[in-house]
Amino acid sequence: MSKLLRKPGKTEMRDGITLVHDVTSENSSLEYVNFKMVDLAPGATYSEELGKQECCIVAVTGKITVSDKEFTFENLGTRESVFEKVPTDSVYVSNDNTFEVKAVSQARIALCYSPSEKQLPTKLISASDNGVEYRGKGNNKRMVHNILPDSDPSANSLLVVEVFTESGNWSSYPPHKHDQDNLPEESFLEETYYHEMNPPQGFVFQRVYTDDRSLDETMTVENEYVVIVPVGYHPVGVPEGYTSYYLNVMAGPTRVWKFHNDPDHEWILKG
Ligand SMILES: O=C[C@H](O)[C@@H](O)[C@H](O)CC(=O)O
């Protein structure tokens with residue numbers, strides 16, 4: 001199996017806390033982005049002390065209460081399934097802070113991390129704060145919920161978005177990359193994809209490849225898998241009959257999302 005592909009685990013951390021994914025700089029080639037997906041049983045509490053990392057806590061499904069040293073945000077979360085296709089609530093917590101997530105109901109939370117030195121205010125990112133964007137045409141249509149886009153100055157290096165791609169469509173297409181620290185032409189952002197499919201037996205194809213094809217992996221991605229994108233183009237194709245969801249975490253030396261389209265396929269945008 002590709003080193004870029006991670007199957008979901010079910011590691012019981014403590015009573016009521018199950019680790020589904022844990023992508024770190026120690027167990028991946030990523031230097032900027034770290035990612036956890038955690039399931040919480042009702043009443044379970046997950047807490048963490050942040051060093052020089054910032055974290056966006058996303059209420060992927062279910063209801064949670066999030067608190068740090070100063071604030072408490074109660075009853076966050078808007079959906080029991082991501083395929084309700086409504087934005088959800090998140091909380092940004094900066095470096096050198098601690099946070100606690102308590103499950104009000106059965107909940108799945110995404111913990112999206114990136115480097116941070118300058119402590120910023122803790123921020124509730126309500127569902128209604130998410131910018132909803134419709135991208136693409138023809139069979140490249142997708143809907144994007146901008147949870148923590150580069151237009152929001154609340155974070156130092158972290159970007160978080162979620163994307164819905166309907167049956168028979170492609171997203172992150174035409175293929176684009178952001179693996180060069182060369183602004184204003186292109187930014188360098190590592191990326192993770194946490195995928196879900198509806199219905200859940202579905203799969204999508206995701207290719208991660210570079211111009212020189214020194215990296216060229218085409219993966220069959222199933223429900224709850226993670227794809228790691230250290231560099232390269234990273235298009236996603238969704239078969240007929242299925243809806244794709246993915247949560248993206250991006251981070252790099254500069255918090256700007258400036259991608260470069262694969263010149264072989266950019267003509268598609270001109271049609
Ligand atoms: O670079 C960002 C990620 O590849 C996705 O968020 C992508 O932009 C989604 C899309 O536009 O299809």
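How each quantity is defined
- Residues numbered from 1 in each chain as written.
- Predicted model: local features only at pLDDT ≥ 70, side-chain atom pairs only at ≥ 80, totals over all residues.
- Helix = DSSP H or I, 4+ residues; strand = E, 2+ residues; numbered from the N terminus.
- Rg over C-alpha atoms; globule rule 2.2 N^0.38 Å.
- Buried ≥ 20, exposed ≤ 12 C-beta atoms within 10 Å, placed from the backbone.
- Contact = placed C-beta atoms within 7 Å.
- pLDDT = per-residue confidence, 0-100.
- Pairing = 2+ DSSP bridges.
- Near = placed C-beta within 6 Å.
- Nonpolar A, V, L, I, M, F, W, Y, C, P; charged D, E, K, R; others polar.
- Axes fitted to C-alpha atoms, helices over the stretch in contact; angles between N-to-C directions.

### Here we look at the overall build of the chain
Item 1. Along the backbone of the chain there are one helix and 26 strands.
Item 2. Relative to the 2.2 N^0.38 estimate, which gives 18 Å for 271 residues, the radius of gyration of the chain is 18 Å and therefore close to what a compact globule would have.
Item 3. Along the first, second and third principal axes, the C-alpha set of the chain runs to 50 × 40 × 35 Å.
Item 4. Every one of the 271 residues in the chain was classed for burial, and the buried ones make up 43%.
Item 5. Considering only residue pairs separated by 6 or more positions, the chain has 71% of its internal contacts joining residues 24 or more positions apart.

### Some words on the confidence of the model for the chain
Item 1. Put simply, the chain has an average pLDDT of 98, and 100% of its residues get 70 or more.
Item 2. Quick note on the complex model: pTM equals 0.98, ipTM equals 0.99.

### Focus: the sheet that holds strand β20 (residues 190-198)
Item 1. Spatially, seven strands are ordered β1-β23-β20-β25-β15-β14-β13 in an open sheet, and the strand pairing comes out antiparallel. Edge positions in the sheet fall to β1 (5-6) and β13 (131-135), since each has one partner strand and no second.
Item 2. The sheet contact formed by β20 and strand β23 (residues 226-229) spans four bridges and is antiparallel. Within β23, the residue paired with E191 across the bridge is V229.

### Describing the environment of K36
Item 1. Relative to the assigned elements, K36 resides in strand β4 (residues 34-40).
Item 2. Between the alpha carbons of K36 and I57 there is a distance of 9.7 Å; along the sequence they are 21 residues apart.
Item 3. Once residues lying within four places of it in the same chain are set aside, the contact partners of K36 are L19, H21, D22 and L111.

### Structural notes on the pairing of strand β2 (residues 11-14)
Item 1. Across three bridges, the pairing between β2 and strand β3 (residues 17-23) is antiparallel. Of the residues in β3, the one forming a bridge with R14 is I17.
Item 2. Remark: two residues form the turn of the hairpin made by β2 and β3, two consecutive strands paired antiparallel; G16 in that turn has positive phi of roughly 80°.

### Here we look at the site of the ligand
Item 1. Taken together, R135, R142, V161, V163, S171, S172, H178, E191, H234, N248 and F259 make up the full set of residues near the ligand.
Item 2. Looking at the shell around the ligand residue by residue, the classes come out as three nonpolar, five polar and three charged.

### A word on the sheet that holds strand β7 (residues 64-67)
Item 1. Taken together, the four strands give an open sheet; going across it, the order is β5-β10-β7-β8, and neighbouring strands pair in antiparallel fashion. This sheet does not close on itself; its edge strands, each paired only once, are β5 (45-49) and β8 (72-76). Across the sheet, the mean angle from the axis of one strand to that of its neighbour is 10°, orientation sign disregarded.
Item 2. Relative to strand β10 (residues 98-103), β5 runs antiparallel, the two sharing five bridges. Its bridge partner being in β10, T45 is matched across the sheet by K102.

### Digging into the environment of K123
Item 1. Within the secondary structure, K123 sits in strand β12 (residues 123-125).
Item 2. By C-beta crowding, K123 is classed as partly exposed, having 19 other C-beta atoms within 10 Å.
Item 3. Filtering out sequence-adjacent residues up to four positions away, K123 remains in contact with Y92 and S154.

### Digging into unusual backbone geometry
Item 1. A cis geometry characterises the amide bond from Y173 onward to P174, with omega recorded as -5°.
Item 2. Structurally, the position occupied by P174 is in the loop between β16 (170-171) and β17 (176-177).
Item 3. The backbone of D96 sits at a positive phi, close to 60°, despite the residue not being glycine.
Item 4. Inspection of the secondary structure assignment puts D96 in the loop between β9 (90-93) and β10.
Item 5. On the neighbour-count criterion, D96 (14 C-beta atoms within 10 Å) is partly exposed.
Item 6. With phi around 60°, R213 is a residue other than glycine that occupies positive phi space.
Item 7. Following the sequence through the fold, R213 ends up in the loop between β21 (203-209) and β22 (216-222).

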